[in-house]
Structures are given as C-alpha cells and as structure tokens.
Amino acid sequence: MKIIIAEHAGFCYGVKKAINDTEKVLTEHGQSKVLGALIHNPLEVNRLKQLGLEVIDSTDDAQSERVIIRSHGEGQKVISSLEKNQNTVINCTCPYVSKIHRIVNEYYVKKYGIIIIGDSNHPEVIGINGWCNESAVIIDTEEQANQLVINQPVCIVGQTTFNTQLWDKIINILRSKSDQIDVHNTICDATAKRQQSARELASKADVMIVIGGKNSSNSKKLYDICREITFSTYFVESSDELPYDDFDENITIGITAGASTPDWIIQEIINKFRRRGNC
Ligand code: F3S
C-alpha cells in the first residue's frame, strides 16, 4: 500500500498562529477564555482545554477576564462590548480575515452595499457581517446570484474557505447584472492550494481520506471535491474512525486535511496504517 499526503494539507498560517498565540497566553497567564471554539477541530480544542482554555458562548460569560478572539474573527460590536466590559481582548483573528473586516467596513462607510459570498451560518461570515452593521446580503449559490437585484454600487467579498470554482461562477453572474461592483476575491490562498492539491491527489489515488473536524467547512469542502472525483472518499475527525483492515494491500491512499487539522492527527492515522502493516 502506498500513502501519499497532499502537497498542501493541514494547519494553515492563520490557524497555526491562533494556536501558537493561545498556547503562549495559557503559558504566561494560565486559565483564559475563548469566545467560541478557537478553531473547528474539537480534538485540538480539547487539548488546549487541558492547558487551561475555557470556551464560552457569549460575551456575558466573559466576566472582565482575558478573552481570546478566535481565528474566524468577530463583529465590531462584539469586540467593543468586550472592551467596554473591561475584558483584556487577545485578538487571534487570522490576519486575512481582519483584512476582509477592513474592506467591508471601508465600503460600508462609503455607503456601498455589501455582498458576502459564503455560508450565512458560518462564524467567519457572521463576523464579517458585523463590520457593516449586519447589512450584508449573503449568498452561496448560483440561483441566489441569479435572483439578486443590484441597484447600487456594491462591494463583494468572500468567505476565506469558499470553493474557488463556484466563486468564479457566482462572480460572472453578478458581473453580468451590474458594472457597479467592486470584487475582492478574499478566498484564502491556503484554501485554494488545499483544494487544488486535493483534486490532483484524488485523481491519482484509489481511496481518499479527508481529515478534519465535522464542523470544519473547509474540510467538508475538501471532502466534496474528492468525493466528486473518487467515490471511495472517507471523511474522518480522528484516527479511530477508519476501517483499516478493509483496505486492500495494493492500493494507493491519498490523505488530505483541512486547515484546522493538526499534524498530530494526520500522523496518528499514518502510524495506525504502519502498525497494521498496511504500508
Ligand atoms: Fe486564515 Fe486562510 Fe487559514 S484565512 S485561518 S490562513 S484558511
């Protein structure tokens, strides 16, 4: 059996930075709170909880303490309310997401309409919408783009993990409706690279394994991409979820992992294959 890991897989820059900064805060100050799961990987969040991280769901639970803002970012009002309540805010928002906040806020102040292409329920998108006073129109399908009426200048940004091919299709539709649009392709390079190398690997491998949190949208997208190419695609969060004994000795297994998947989980899976003598 041959195992190939996608050229770009696992932790991206923003997640790595959020984890490193959080570990530093926990080492220097001990117990600290984070508003929402720091990253979309429950196993990694559990590891940090053992080091003193407490996940809270609302600013009401912050109680004038140290509060970490997760990599997905938060809206302007959330951050101001924490600051007003004397919390020490440690902002671990990914710098690429902060850049989207700045773009959206700048255009909002200039009275542009804001369109976000992304999942309206995703915390990153909710946070971005919080920089234009929750006024954005949020879409993520070609049908919604077709139905949209654009009658003012608009600024378009995207969720950093949005599918690049679908983005192009939606932008083409919107461009055909108006020439008063300023498009900012804010899809993160890390996402595009992970999607592209997953695509390439899936076309060579007999079986694809996508590792990521079940609540991680970029991992789910990697799964969708691989599944379109090869039916034999597994989506797992931990090393316990694979039927190792069912894999044929002579196949090639491709492994990819979402941007919030730590190396130690990828390694655990490879080690289990090795221990079983599959490779
Ligand atoms: Fe940031 Fe891109 Fe990762 S936006 S959190 S570096 S996927």
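Keep in mind the model is a prediction, meaning the values are calculated, not measured.

The next point concerns the sheet that holds strand E11 (residues 233–236). Here four strands make up an open sheet; going across it, the order is E1-E12-E10-E11 and the pairing parallel. Edge positions in the sheet fall to strand E1 (2–5) and E11, since each has one partner strand and no second. Strand-to-strand twist across the sheet, computed as the mean angle between neighbouring axes with direction ignored, equals 20 degrees. Taken strand by strand, helix H8 (residues 189–202) contacts E1, strand E10 (207–211) and strand E12 (252–257), and its axis lies near 170 degrees from that of E12. In this fold helix H10 (residues 263–275) packs onto E1, E10, E11 and E12, with an angle of close to 165 degrees to the strand it touches most, E12.

All residues adjacent to the ligand are Cys12, Gly14, Val15, Cys94, Tyr96, Thr160, Cys188 and Thr191. Here the residues of the shell around the ligand are counted per class, giving five nonpolar, three polar and no charged.

Here the focus is the nonpolar core. Side chains that are nonpolar tend, in soluble globular proteins, to be buried together. Grouped together as the largest cluster of nonpolar side chains are 20 residues, with contacts concentrated most on Leu82, Val104, Ile114, Ile116, Ile128, Cys155 and Val157. For this core, the secondary structure elements donating two or more residues are strand E4 (66–69), helix H3 (76–84), helix H4 (95–109), strand E6 (113–117), helix H5 (123–129) and strand E8 (154–158). Top element by residues in this core is H4. It accounts for four residues. In this view, Ile116 contacts Val125, Ile128, Asn129, Ala136, Val137, Ile138, Ile139 and Val157; residues no more than four positions away in its chain are not counted. The next biggest cluster of nonpolar side chains, apart from the first, holds 19 residues, and it includes Ile19, Val25, Cys92 and Cys188.

For helix H7 (residues 164–177), spanning 14 residues, the distance from its first C-alpha to its last is 20 Å, which sits close to the expected 20 Å at 1.5 Å a residue. Looking at the packing, one finds that the buried side of H7 touches E6, strand E7 (137–139), helix H6 (142–147), E8 and strand E9 (181–183). Two to three positions downstream of the cap, the backbone nitrogen of Gln165 sits 2.8 Å from a side-chain oxygen, assigning the N-cap of H7 to Asn163.

Time to look at the pattern of salt bridges. This model, assessed by the stated rule, comprises eight salt bridges. For Asp240, the salt bridge goes to Lys272, with nearest N and O atoms at 3.0 Å. Pair noted here: Asp240 is in the loop between E11 and E12 and Lys272 is in helix H10, with a separation of 32 residues, a long-range link. The exposure class assigned to Asp240 is exposed, which follows from its relative accessible area of 61%. One continuous salt-bridge network, built from bridges that share partners, spans Glu23, Glu44 and Arg47.

Ordered by their spatial adjacency, four strands build an open sheet running E3-E2-E4-E5, and the pairing between neighbours is parallel. At either end of the open sheet lies a strand with only one pairing partner, and these are strand E3 (53–56) and strand E5 (88–91). Strand after strand, the sheet turns through a mean of 30 degrees between neighbouring axes, direction not considered. Packing of helix H1 (residues 13–29) onto the sheet brings it into contact with strand E2 (32–35), E3, E4 and E5, and relative to E4 it is tilted by some 170 degrees.

Now for unusual backbone geometry. Residue Lys111 is not a glycine yet carries a positive backbone phi of 70 degrees. The backbone phi angle of Asn133 is positive, close to 55 degrees, even though this residue is not glycine. Take Asn133: it is sitting in the loop between H5 and E7.

Tallied over the full model, the rule gives six aromatic pairs. Look at Tyr223 and Phe235: their rings are 5.7 Å apart centre to centre, the planes differ by 20 degrees, and that puts the pair in the stacked class. Taken together, the positions of Tyr223 in helix H9 (residues 217–229) and Phe235 in strand E11 put the pair twelve residues apart, joining distant regions of the chain. The class for Tyr223 is buried, based on a relative accessible area of 19%. Its relative accessible area of 19% is what places Phe235 among the buried residues. Between the aromatic rings of Phe247 and Phe273, the centroid separation amounts to 5.6 Å while the plane-to-plane angle is 50 degrees, which identifies the pairing as tilted. Residue Phe247 is found in the loop between E11 and E12, and its partner Phe273 is found in helix H10; the two are separated by 26 residues along the sequence. Relative accessible area serves as the criterion here: at 8%, Phe247 is assigned to the buried category. Lying across the ring of Tyr107, Lys110 places its NZ or CZ 4.4 Å from the centre.

Calculation criteria
- Residues numbered from 1 in each chain as written.
- Predicted model: local features only at pLDDT ≥ 70, side-chain atom pairs only at ≥ 80, totals over all residues.
- Heavy atoms only, no water.
- Pairing = 2+ DSSP bridges.
- Helix = DSSP H or I, 4+ residues; strand = E, 2+ residues; numbered from the N terminus.
- Axes fitted to C-alpha atoms, helices over the stretch in contact; angles between N-to-C directions.
- Contact = heavy atoms within 4.5 Å.
- Near = heavy atom within 4 Å.
- Nonpolar A, V, L, I, M, F, W, Y, C, P; charged D, E, K, R; others polar.
- Core = buried A, V, L, I, M, F, W, Y, C linked by side-chain atoms within 4.5 Å.
- Buried < 20%, exposed > 50% of the residue type's maximum accessible area, 1.4 Å probe, protein only.
- Expected span 1.5 Å × (residues − 1).
- Polar contact = N/O pair within 3.5 Å; in protein donor to acceptor, adjacent residues only side chain to side chain.
- Salt bridge = Lys/Arg side-chain N within 4 Å of Asp/Glu carboxyl O.
- Phe/Tyr/Trp six-rings, centres within 6.5 Å; stacked < 30°, edge-to-face > 60°.
- Lys NZ or Arg CZ within 6 Å of the ring centre and 35° of its normal.

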